[in-house]
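Here's the letter readout for the chains.
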Amino acid sequence: MRKLLTISALMLVVQIAVNCSEDPTFDPDGIHQASDGPTPFYLEVPANFPDYFLDKDKRLTEEGIALGKKLFFDNILSKNRNVNCGSCHFQSSSFSDPRVRSIGTNGEATTFHSMPLFNMAWMNEFFWNGRAKSREEQALKPVVNPLEMDLSWDEAVSRLQEHPEYPVLFEAAFGTRTIDSNLVAQALVQYELTLVSANSKFDDWLKGEYELTEMEAIGQAIFNSERGDCFHCHGTVLTTDNLFHNNGLDSDEDLKPGLYDVTGNEADFGKFKTPTLRNLIFTAPYMHDGRFETIDEVIDFYSDSVQNNRNVDVLMEFAFQGGVRLSPFEKEALKSFILLMTDSNFVQNPDLVP
Ligand code: HEC
Ligand code: HEC
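(A) Seen up close, the overall build of the chain. What the chain contains, in helices and strands, is 14 helices and four strands. Here the chain holds 354 residues, and 48% of them are scored as buried. Put simply, of all contacts in the chain between residues at least 6 apart along the chain, 64% involve residues at least 24 apart. Put simply, the chain shows about 17,500 Å² of open surface, and 55% of that area lies on carbon and sulfur atoms.

(B) How the structure looks around the coordination of the iron atom of ligand 1. For the iron atom of ligand 1, the sole protein-derived donor is His 89 (NE2), lying 2.1 Å away. Of note, His 89 is situated in the loop between α2 (62-72) and α3 (135-144).

(C) Just the site of ligand 2, in detail. Taken together, 24 residues are adjacent to ligand 2, and Cys 230, Cys 233, His 234, His 288 and Tyr 302 come closest. In the environment of ligand 2, an oxygen atom lies 2.7 Å from a nitrogen or oxygen atom belonging to the side chain of His 288. Here a nitrogen atom of ligand 2 sits 2.7 Å away from a polar atom, N or O, in the side chain of Tyr 302. For the shell around ligand 2, the elements supplying multiple residues, two or more each, are α9 (231-234), β4 (272-273) and α12 (295-305).

(D) Representation of the coordination of the iron atom of ligand 2 within the structure. With distances of 2.0 to 2.1 Å, the protein atoms coordinating the iron atom of ligand 2 are His 234 (NE2) and Tyr 302 (OH). Given six donor atoms and angles of 85 to 179° at the metal, the environment of the iron atom of ligand 2 is assigned as octahedral. Pair noted here: His 234 is in helix α9 and Tyr 302 is in helix α12, with a separation of 68 residues, a long-range link. Accessibility expressed as a relative area gives 9% for His 234, which makes it buried. Residue classification places Tyr 302 among the partly exposed residues on the basis of a relative accessible area of 24%.

(E) Spatial organisation of the confidence of the model for the chain. Predicted confidence across the chain gives a mean pLDDT of 91, with 90% of residues reaching 70 or more. Between residues 1-34, whose pLDDT stays under 50, and residues either more than four places distant or in other chains, the model counts nine contacts.

(F) Main features of the site of ligand 1. Taken together, 27 residues form the shell around ligand 1, and within it Cys 85, Cys 88, His 89, Phe 127 and Trp 128 come nearest. One nitrogen or oxygen atom from the main chain of Phe 127 is found 2.7 Å from an oxygen atom belonging to ligand 1. Take Gln 138: an N or O atom from its side chain is 3.4 Å from a nitrogen atom of ligand 1. Going through the elements one at a time, α3 and α6 (181-193) are the ones with two or more residues in the shell around ligand 1. Counted by class, the shell around ligand 1 contains 15 nonpolar, eight polar and four charged residues.

(G) The arrangement of the nonpolar core in detail. In terms of nonpolar packing, the biggest core is built from 51 residues, with Leu 71, Leu 77, Leu 160, Tyr 166, Phe 170, Val 184 and Leu 195 touching the most fellow members. At the level of elements, α2, α3, α4 (153-162), α5 (166-174), α6 and α14 (344-348) are the ones that each hand at least two residues to this core. When residues of this core are assigned to their parent elements, the largest contribution, eight residues, is made by α6. The two domains that each donate at least three residues to this core are domain 1 (41-196) and domain 2 (201-346). In this structure, Leu 195 is in contact with Phe 95, Leu 117, Phe 118, Asn 119, Phe 346 and Leu 352, ignoring residues within four places of it in sequence.

(H) Quick look at the side chain of Gln 220. On the secondary structure map, Gln 220 appears in helix α8 (residues 214-223). The exposure class assigned to Gln 220 is buried, which follows from its relative accessible area of 19%.

(I) Molecular detail of the environment of Val 184. As for its position among the elements, Val 184 is in helix α6. Separated by 44 residues in the primary sequence, Val 184 and Leu 140 place their C-alpha atoms 8.2 Å from one another. Beyond its immediate stretch of four places on either side in the chain, Val 184 contacts Leu 71, Trp 153, Leu 160, Phe 170 and Ile 179.

(J) Representation of α4 within the structure. Of all the residues in α4, the buried ones are Trp 153, Ala 156, Val 157, Arg 159 and Leu 160. Summarising the axial view, the buried residues of α4 lie within an arc of 160°, below the 170-degree limit, and thus occupy one face. Of the residues in α4, the exposed ones pointing more than 90 degrees away from the buried face are Asp 154 and Glu 162. Among the structural elements, α2, α3, α5 and α6 are those in contact with the buried residues of α4.

(K) Broad picture of α2. Among all positions of α2, only Gly 64, Ile 65, Leu 67, Gly 68, Lys 69, Leu 71 and Phe 72 are buried. Tucked into the core, α2 has its buried residues touching β1 (40-41), β2 (60-61), α4, α5 and α6.

(L) Here's a closer look at the packing of α12 against helix α13 (residues 328-338). Packing of α12 against α13 brings their axes to within 10 Å, and their N-to-C directions diverge by 125°. Taken as axis vectors, α12 and α13 run oblique relative to one another. Judged by the twist between their axes, the crossing of α12 over α13 is right-handed. When α12 is examined against α13, the residues Ile 295, Asp 296, Ile 299, Asp 300, Ser 303 and Asp 304 are found in contact with a partner set consisting of Lys 331, Glu 332, Leu 334, Lys 335 and Ile 338. Looking at the contact of α12 with α13 residue by residue, the class counts come to four nonpolar, one polar and six charged.

What counts, and at which threshold
Residues numbered from 1 in each chain as written. Chains lettered and ligands numbered in written order. Predicted model: local features only at pLDDT ≥ 70, side-chain atom pairs only at ≥ 80, totals over all residues. Heavy atoms only, no water. Helix = DSSP H or I, 4+ residues; strand = E, 2+ residues; numbered from the N terminus. Buried < 20%, exposed > 50% of the residue type's maximum accessible area, 1.4 Å probe, protein only. Contact = heavy atoms within 4.5 Å. Areas by Shrake-Rupley, 256 points an atom, 1.4 Å probe, with all protein chains shown as cover. Donors = N, O, S within 2.8 Å, 3.2 Å for Na, K, Ca; no water. Near = heavy atom within 4 Å. Polar contact = N/O pair within 3.5 Å; in protein donor to acceptor, adjacent residues only side chain to side chain. Tetrahedral: all angles 85-135°; square planar, octahedral: opposite > 155°, others 65-115°. pLDDT = per-residue confidence, 0-100. Nonpolar A, V, L, I, M, F, W, Y, C, P; charged D, E, K, R; others polar. Core = buried A, V, L, I, M, F, W, Y, C linked by side-chain atoms within 4.5 Å. Domains from an automatic or database assignment. Arc of directions from axis to C-beta. Axes fitted to C-alpha atoms, helices over the stretch in contact; angles between N-to-C directions. Parallel < 35°, antiparallel > 145°, perpendicular 65-115°, else oblique. Left-handed = near helix turned anticlockwise from the far one by under 90°.

Structure (structure tokens):
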């Protein structure tokens, strides 16, 4: 009797296995019916990172992410159907652009250097001057920007609506075939949130899994002390304080408005968003206007060429003497430490591109 039961149980298992492989909607638990809508995707917080700054009800789904990825790399969103988000945010450049300025749909150059895109779940303000206060607000801007994609949202939406695939993909992701700009932005953001870079030797070191070489240890001490003074703004595991500072790039005559353009507050004149120092090896040229071609040039600047302009940040304590004045050896050591923040897997991960 028992044997018979075992056999019939086995047959049941086989039967279920067969059903599963034959019928993709078959679900023995009855929980994941196709009609339940998109498949939830849980964004993992890397072990050594703080919890991300997302609304806790923010729901990522496999279908939303896939749609966002398709949109990100589709020329359909540009006026002349010749550029997409990825034309100025290349994976090989950590989703930044090796050109000083990027070229938009009309062949014109952007105002600023492109920014790398990753770890956006740990940011709240976007663009060099912080003019977007949410990821969704940011995602709406490149499409209509005349120097970038130069397409009205009306036109963008009707192109997508008439496309053979997009209405179906929006239905899979959001439960509706009626496309609007907010859903496009939400899909783009879902994809962007999956661009997480946390797999560098710097992370291994923070987790106690990597021991610094003598040179890197000297660089670390310079970075995280008054000697180099980098930690004040590029501290923590994120390597940015997510704030806006005037780091003394320009003299009073050459000062660019930066955050002032958004707030109209004179104290914000010359302040720009503190960029991450992760993946620098892939993101040259540097600063909002791409003025420095190499990491050495950046370090030379902080060491010897800081301008004591009228708004220079109080944290740039050595601005009065042109910078922190590092020796050539200290500069090399500092660079070796910064280069530990390199995540080569991120720029090669095939899952992040179509
Ligand atoms: C023609 C080039 C170009 C195109 C196309 C483009 N971008 Fe950008 N992107 C830039 C530049 C340049 C900046 C920095 C501009 C600034 O601060 O004013 C930027 C900044 C950003 C930022 C801000 C990052 C941060 O850390 O604050 C995000 C996010 C972004 N782009 C996403 C997108 C998305 C999504 C698309 C497609 C809908 C897109 N970009 C299309 C050039 C481009
Ligand atoms: C007062 C805050 C502050 C301090 C201190 C500071 N930085 Fe910065 N850093 C910034 C800001 C703000 C920017 C962007 C400035 C811009 O583009 O106008 C920046 C830009 C950079 C960039 C360019 C990154 C990119 O993607 O373009 C590098 C590299 C850098 N800093 C390294 C350092 C190093 C190394 C130190 C220490 C020697 C340091 N910073 C000290 C605020 C600071």
